[in-house]
Amino acid sequence: MGPDDLTATERRLYAAVADGRPVDLREAEDRTVRAAALTLLLHDPPPPVGVPGLRLRGARVTGRLRLRGTVIDLPLVFTECEFDEPPQLMESLTRTLRFTRCRMPGLGLARLRLDGVLSLKESVVAGRVDLDHAQIDGELHLSGAVLECDPAGDALHAEGLQVTGVACFDRGFTATGSVRLPHARFGSMLRLSDAVIGVAGQWGALYLDNAHVAGSITLRAASVNNPGGVAIAAGGLQANGALWLNHGFEAVGEVRFIGAALRAPLTLSDAVLKDGSLNLEASVLTGLHAPGIVVEGGQIRLVNARLTGDLELSGARLEAARDGVALAADGMTATAARLSRLHADGLLSLVDARVTGDLDLGEARLDTDGRALDASGLVAGKVQARDLQARGLLVFDNAQLTRELELVGASLGADDGLSLSADGLTAGELAADGLTAAGRVSLLGGQISGDVLLSEARIGADGQGRAVAAAGLQAVHFVADEAVFAGRVSLRGAQVAGDFRLIGTRITGDHDGMALLCNGLAAGQVLLNRTHARGRIALRNAQITADLSAEDAVFVSDGEGRAFSGEGLSAVNARMARLRAEGKVSLRGSQFSGVVELADAHLTAAGADPALLASWMTAGGLLLSGLAADGRIVLRGTQVTGQTYLDGARLAGDGEHSIVADGLHTRTLRLHGARLTGEFNLRGARITDQLFALESEFTNPGGVALRLSLAEVVGDVFLERTVFTGALRAAEARIGRTLQLRETVHEQPDGRALQAKGLQAGRLVLHPARLTGTVQLSHARLGILEDDTARWPEAIELDGLTYEALEPRLDPQARLDWLARDPRGFQPQPYEQLAAHYTALGQQHHAQTVLLARERRQGRTASGAGRVWSGLQDLTVGYGYQPARAAAWLALLVAIGSVVFALSPPRPIKADEHPAFNPVMYTVDLLLPIVDLGQERAFNPVDLYQWFSYLLVAAGWILATTIAAGAARTIGRR
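As the structure is a computational prediction, the values presented were derived from the model and not from experiment. (Residues numbered from 1 in each chain as written. Predicted model: local features only at pLDDT ≥ 70, side-chain atom pairs only at ≥ 80, totals over all residues. Heavy atoms only, no water.)

Draft legend 1. Fine view of the packing of helix 3 (residues 812–819) against helix 4 (residues 828–840). Across the interface, helix 3 lies against helix 4 with an axial gap of 11 Å and an inter-helix angle of 155°. In terms of their interaxial angle, helix 3 and helix 4 are classed as roughly antiparallel. Seen along the crossing, helix 3 lies across helix 4 with a hand that is right-handed. Across the interface between the two elements, P812, R815, L816 and L819 of helix 3 pack against P830, Y831, L834 and Y838 of helix 4. By residue class, the composition of the contact of helix 3 with helix 4 is 7 nonpolar, no polar and 1 charged. (Axes fitted to C-alpha atoms, helices over the stretch in contact; angles between N-to-C directions. Helix = DSSP H or I, 4+ residues; strand = E, 2+ residues; numbered from the N terminus. Parallel < 35°, antiparallel > 145°, perpendicular 65-115°, else oblique. Left-handed = near helix turned anticlockwise from the far one by under 90°. Contact = heavy atoms within 4.5 Å. Nonpolar A, V, L, I, M, F, W, Y, C, P; charged D, E, K, R; others polar.)

Draft legend 2. Just the packing of aromatic side chains, in detail. Throughout the structure, instances matching the rule amount to 13 aromatic pairs. With 6.3 Å between their ring centres and 15° between their planes, F680 and F698 make a pair best called stacked. Highlighted residues: F680 in strand 96 (residues 679–681) and F698 in strand 98 (residues 697–707), separated in sequence by 18 residues. The exposure class assigned to F680 is buried, which follows from its relative accessible area of 2%. Taking relative accessible area as the criterion, F698 reaches 1% and is therefore assigned buried. For the ring pair F826 and Y831, a centre distance of 5.5 Å and an interplane angle of 40° mean the geometry is tilted. Across this residue pair, the class does not change: F826 and Y831 are buried. Above the face of the W818 ring, R815 is positioned so that its terminal group lies 4.9 Å from the ring centre. (Phe/Tyr/Trp six-rings, centres within 6.5 Å; stacked < 30°, edge-to-face > 60°. Buried < 20%, exposed > 50% of the residue type's maximum accessible area, 1.4 Å probe, protein only. Lys NZ or Arg CZ within 6 Å of the ring centre and 35° of its normal.)

Draft legend 3. Broad picture of the environment of Q946. Counting through the fold element by element, Q946 comes out in helix 10 (residues 943–973). Spatially, the C-alpha atom of Q946 lies 8.5 Å from that of P906, the residues being 40 residues apart in sequence.

Draft legend 4. Region of the structure containing the pattern of salt bridges. Under the defined criterion, the tally for this structure stands at 56 salt bridges. A salt bridge links R64 to E85; the nearest nitrogen and oxygen atoms lie 3.0 Å apart. Taken together, the positions of R64 in the loop between strand 4 (60–62) and strand 5 (76–79) and E85 in the loop between strand 6 (82–83) and strand 7 (93–94) put the pair 21 residues apart, joining distant regions of the chain. Using a relative accessible area of 35% as the deciding quantity, one classes R64 as partly exposed. When its relative accessible area of 29% is taken as the criterion, E85 is described as partly exposed. Where salt bridges share partners, they join D24, R26, R57, E80, R101 and E122 into one cluster. (Salt bridge = Lys/Arg side-chain N within 4 Å of Asp/Glu carboxyl O.)

Draft legend 5. Fine view of empty space enclosed by the protein. Tallied over the entire structure, the rule returns 1 cavity of 30 Å³ or more. Considered as a void within the structure, the largest cavity measures approximately 40 Å³ in volume. For the largest cavity, the full set of lining residues is L798, L819, D822, G825, F826, Q827, P830 and Y831. Residue classes in the lining of the largest cavity are distributed as 5 nonpolar, 2 polar and 1 charged. (1 Å grid on protein atoms, 1.4 Å probe; cavity = no way out; pocket = protein on both sides within 12 Å on 5 of 7 lines; lining within 4 Å. Points joined across faces, edges and corners; volume = space filled by probe spheres on them.)

Draft legend 6. View of the environment of A36. Within the secondary structure, A36 sits in helix 2 (residues 35–43). Looking at A36, the relative accessible area reads 39%, which means it is partly exposed. For the pair A36 and R66, spaced 30 residues apart in sequence, the C-alpha to C-alpha distance is 8.3 Å.

Draft legend 7. Representation of unusual backbone geometry. Residue E807 is joined to P808 through a cis peptide bond whose omega torsion reads 0°. Positive phi is not limited to glycine here, since R341 has a value of about 60°. In this structure R341 comes out as partly exposed when scored by relative accessible area, which is 48%.

Draft legend 8. Focus on the environment of G201. Mapped onto the fold, G201 is located in the loop between strand 23 (196–198) and strand 24 (204–207). Along the primary structure G201 and Q748 are separated by 547 residues, whereas in three dimensions their C-alpha atoms are 107 Å apart.

Draft legend 9. Local environment of the side chain of R440. Along the polypeptide, R440 turns up in strand 60 (residues 440–442). Judged by relative accessible area, R440 falls into the buried class, the value being 13%. Not counting residues up to four positions away in its chain, the partners in contact with R440 are G417, L418, S419, L420, G460, A461, D462, R466, A467 and A469.

Draft legend 10. Region of interest: the packing of helix 1 (residues 8–17) against helix 2. Closest axis-to-axis distance for the helix 1/helix 2 pair is 11 Å, and the angle between their directions is 25°. Looking at the two axes, helix 1 sits roughly parallel to helix 2. Helix 2 is crossed by helix 1, and the crossing has right-handed handedness. Listed contacts from helix 2 to E10, L13, Y14 and V17 of helix 1 are A37, L38 and L41.

Draft legend 11. Up close: the side chain of Q827. Relative to the helices and strands, Q827 resides in the loop between helix 3 and helix 4. Beyond its immediate chain neighbours, meaning those up to four positions away, Q827 contacts D799 and D822.

Draft legend 12. Representation of the pairing of strand 98 in the model. Relative to strand 98, strand 95 (residues 675–677) runs parallel, the two sharing 3 bridges. Residue pairing in the sheet places T677 in a bridge with T699 of strand 98. Bridge count for strand 96 against strand 98 is 2 bridges, and the pairing is parallel. Pairing of N681 across the sheet is with R707, part of strand 98. With 6 bridges joining them, strand 98 and strand 101 (residues 723–729) adopt parallel strand pairing. Bridging across to strand 101, R707 finds its partner in R729. (Pairing = 2+ DSSP bridges.)

On their own, these measurements won't tell you what the molecule is for.
Dropping the structure here:
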């Protein structure tokens, strides 16, 4: 075709090209311009007059415009034109190319090189627009354009497209079919705001894979739909500017930025993603700002993504697909993660994520069963989850937080009985005051450089009855005041540098009855004041640098009758005033440098177990004033360096013993107003100061009420106005100063009321108000024995008793009555001891009176002959203690014999050889068996006088023998 073949309309256009005048055919009768004429015009344009250009408006272009490989050196502007066939400018080189409000069945611009502007503003293309590998040194405008294609095909295919300026697909840009921009390069912004892209049956809708965008990418209020597929495919995308997918942005299908490198924030605030996910796996981006985003049937995926800025998902609503994951951020790194007020129906997974700042989950709502949040291995500054609500489990196993994990006011469900798993957690603090958890909280091996705070928490239990499992936990303080635990709390082997505090806490034990398991705990202070535990408290071998306190607490035993197990525990003080324990309280082998206080406590034993087992315990003081115990108290081998007080104690015992304290060591033992039922056994105890019982009652009818056998009291034992129903036994006891029984009452009608055999005491004061039963002081060694004649017992055993003094000083007859009360009969030693006492006082006469009484008592116990011989000794010489009686008998016999023989002198044996008869000398010679005065041999009485002489001889021998026996006894005593 040549110039002569042009129609009038085409010639008009031809002429206008020379100076670039616009040609408007909207009102022309002939609006048709043939494509061939346009081809001729562009291949052989008229000579330019001014600035040439083709500017056509309202034309109908017929035929195919083929300008493949053409060099066009003038701008082409088509406004409101219609093309019958797709224009083809593949591989052409041109300047500005504008199609404004045009209609065409397609457009082929592959490998086009354009210097200027390519525009399809508000045009309608009913077929594919092809910009593969096109190069635009300028701007690309498709604002308001409508690309109508098969939904299963491509609306825009621009792989490898290069645009140095702005690329606009906004202001109502609509594409039915995919928009493909893979490997495209944009030197400035890429605008898709208000765009609508929809496909069906394709893999993706908007392709930006491996594209490079130097400026920002905006999809504000855009809508990209590909149900069941990918809405935006931007894997490997590189963008230097911000990405805006907000202000009503909607996508049906996955929004994918896998491996993208976004050097500015990605914003999806209030965006809506349906039937797909936001996938940023392995991407690098400055930040993700998506407050209020809604994801339905998908997830936000940030696995191994690197955010140099913040993750912002506050107020987001995430509804997971069938895989159940709402947020997958495993291995993600970010400076902060804000998920406050997030509502997720699906798992939040942050396994091994790294957040240099804070993870904020405040007021988030996680509506999923099973695991709600998995942050295992998370590294972050702080996790703030105040008022979080989760139907499932939170996992922070092996997480590392430089600051705190905050769960204040949070509400957690459970997965298989577990609500919070933070085993191996490292954090600056765990703040969970007011936490509500349906199941167990696990902190096994956690390392908390600050405090664990669970005050007013409400913690449920797992299927095994465990509420808190924190064995091996390390923390500065563990505080759970006013908390409620529906199962066992376990901190076995935990290390708490400061306070372990459960003030006012309520604990229900596990299936084995264990409420608090803290064996091997190391803590600064353990405070269990007002704690109510239905199950055993176990603190075996716990090491407490300050105090253990359980004042006003209530401990109910486990199934084996144990309420508190503190064997081997060490602390400064154990303060358990007003404790109520239903079951055994054990402090066996524990060590306290201060006091153990159970004042006004109430202990109830279970079965045959003791109420308090504190054998081999060491303490600075033992304060049991006001203690009430149903069951025995065991203090065997316990060492108390200070005072032991039992003032006002009410100990019902176990039917046999009230207190078993054999081997107890203490400074002072005081019982004022105490009431003990059952034996109080202090056998072998050592008291370095004094034992003092005032107005107390020891009751064990028929048995031993107070046993002090083998005990050692360095100071005094004062028992005043105290009632003993049962024996007071102090056999072999050693009391350095005074044993005082003043105004005491002793009731042991059929036995020994006071058994003090072998007692050693500096002073024994025996002033009972009433004493029924025997007093045994056999072999006791006393410095001073002070008694009262009006209060002597009916029976008293004194054999072997020694003393240095008796008070008050009484005449021998009163003391002889005292000695006569021995129920075992005559015992010589008490008489000798009493005589020695009088001798030491210089009262020799009293001593002889006692010894004479001893001989008479002993004589009465002799056999028949011995009794006669004893009587003769008493009659003649008073057992040697009354020698004047012997002289009187001798004088009497001499006088009688002298009279008799003076009246009837005997005949001399030899009439011519005899001395002169002297009746007096003759009688003396007969009476003295050893002395020979010559009278007896010289004269021989006859008849009755002879028998009289024999009687005098016998009387002499008897008198001499009794004198010799008495003299021997006297010399032997001296």
